[in-house]
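Coordinate analysis (summary)
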Amino acid sequence: GRGRGISDHSSLVPQLSRARICHAFGMKELNEKALPENYPIQVWVWHMLSFPDISHVATYGGKVIGYVLGCIRPVASPQPAPASTSTSSASSSSSNPERVSRNATSCASAEPKAVNWEWEGHVTSLAVDPSFQKLGIATRY
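Each value, and the rule that gives it
Residues numbered from 1 in each chain as written. Predicted model: local features only at pLDDT ≥ 70, side-chain atom pairs only at ≥ 80, totals over all residues. Heavy atoms only, no water. Helix = DSSP H or I, 4+ residues; strand = E, 2+ residues; numbered from the N terminus. Buried < 20%, exposed > 50% of the residue type's maximum accessible area, 1.4 Å probe, protein only. Contact = heavy atoms within 4.5 Å. Polar contact = N/O pair within 3.5 Å; in protein donor to acceptor, adjacent residues only side chain to side chain. Axes fitted to C-alpha atoms, helices over the stretch in contact; angles between N-to-C directions. Parallel < 35°, antiparallel > 145°, perpendicular 65-115°, else oblique. Left-handed = near helix turned anticlockwise from the far one by under 90°. Nonpolar A, V, L, I, M, F, W, Y, C, P; charged D, E, K, R; others polar. Pairing = 2+ DSSP bridges. Arc of directions from axis to C-beta.

This paragraph deals with the environment of histidine 47. Among the structural elements, histidine 47 can be located in helix H2 (residues 41-50). Residue class for histidine 47 comes out buried when judged on its relative accessible area of 5%. Residues histidine 47 and leucine 69, spaced 22 residues apart in sequence, show a C-alpha to C-alpha distance of 7.2 Å. Contact partners of histidine 47, with chain neighbours within four places excluded, come to Pro52, Leu69, Gly70, Cys71 and Thr124. Among the polar contacts listed, one links the side chain of histidine 47 to the backbone oxygen of valine 43, at a separation of 2.9 Å. Of note is the side chain of histidine 47, whose polar atom sits 2.9 Å from the side chain of threonine 124.

Structure representation (structure tokens):
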């Protein structure tokens, strides 16, 4: 159960390192042991190949006892369209409510907007072996 073995590991110093492909099966095994949401092995390998600097493992005695699996991706943030200086199109479309409605929902008539790309990161999964919990392992990542 949870907490069993903590007294045996109270002075434990796990090895903390970047996750590598050789850790994938140990991470998956721990995920299945500690968490209700599980991923196929391809997800683990894809994360490690795609984002090699942000996924980490804690090992003790050669066994994966904790991990954090991270992901970074670009997210488009649309820029507001420049203010129009022409009033002729506004007055002609405002005189016809049907035209305003049709233009507001038509993709073809929409002005292209500039896109600002920003990076967004998140933790896909984080787990610590139940027998090693409450030792601060996850806070060391």
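Leaving glycine aside, a negative phi is the common case for residues, and trans is the common case for peptide bonds. Residue lysine 134 is not a glycine yet carries a positive backbone phi of 70 degrees. Tracing the backbone through its elements, the reader meets lysine 134 in the segment after strand S4 (115-128).

So, on to the packing of helix H1 (residues 24-34) against H2. Following both chains from N to C, one finds H1 and H2 inclined at 125 degrees, their axes separated by 10 Å at the closest point. The angle between the axes of H1 and H2 places the two elements in the oblique class. For the pair H1 and H2, the crossing hand works out as right-handed. Two secondary-structure elements touch here, H1 through Ala24, Phe25, Met27, Lys28 and Asn31 and H2 through Ile41, Trp44, Val45 and Met48. A breakdown of the residues in the contact of H1 with H2 according to their chemical character gives seven nonpolar, one polar and one charged.

So, about the sheet that holds strand S2 (residues 56-60). The sheet built from four strands is open, its strands ordered S1-S2-S3-S4 with antiparallel pairing. The outermost strands of the open sheet, each flanked by one partner alone, are strand S1 (15-18) and S4. Across the sheet, the mean angle separating the axes of adjacent strands is 15 degrees when strand polarity is ignored. Sitting on the sheet, H2 is in contact with strand S3 (63-78) and S4, with an inclination near 65 degrees to S3.

For H2, the full list of buried residues reads Trp44, His47 and Met48. In a view along the axis of H2, the buried residues occupy a sector of 95 degrees, so they form one face of it. Opposite the packed face of H2, turned more than 90 degrees from it, sit the exposed residues Gln42 and Leu49. Turning to H2, the residues buried within the fold contact H1, S3 and S4.

The subject of this paragraph is the pairing of S3. Pairing of S2 with S3, which is carried by five bridges, proceeds in the antiparallel orientation. In the sheet register, valine 57 faces S3, and the bridge partner there is tyrosine 67. Judged from the 13 bridges that link them, S3 and S4 form a sheet pairing that is antiparallel. Of the residues in S4, the one forming a bridge with valine 68 is leucine 126.

Note that every value here comes from positions in space, so none of it alone points to a role or purpose.
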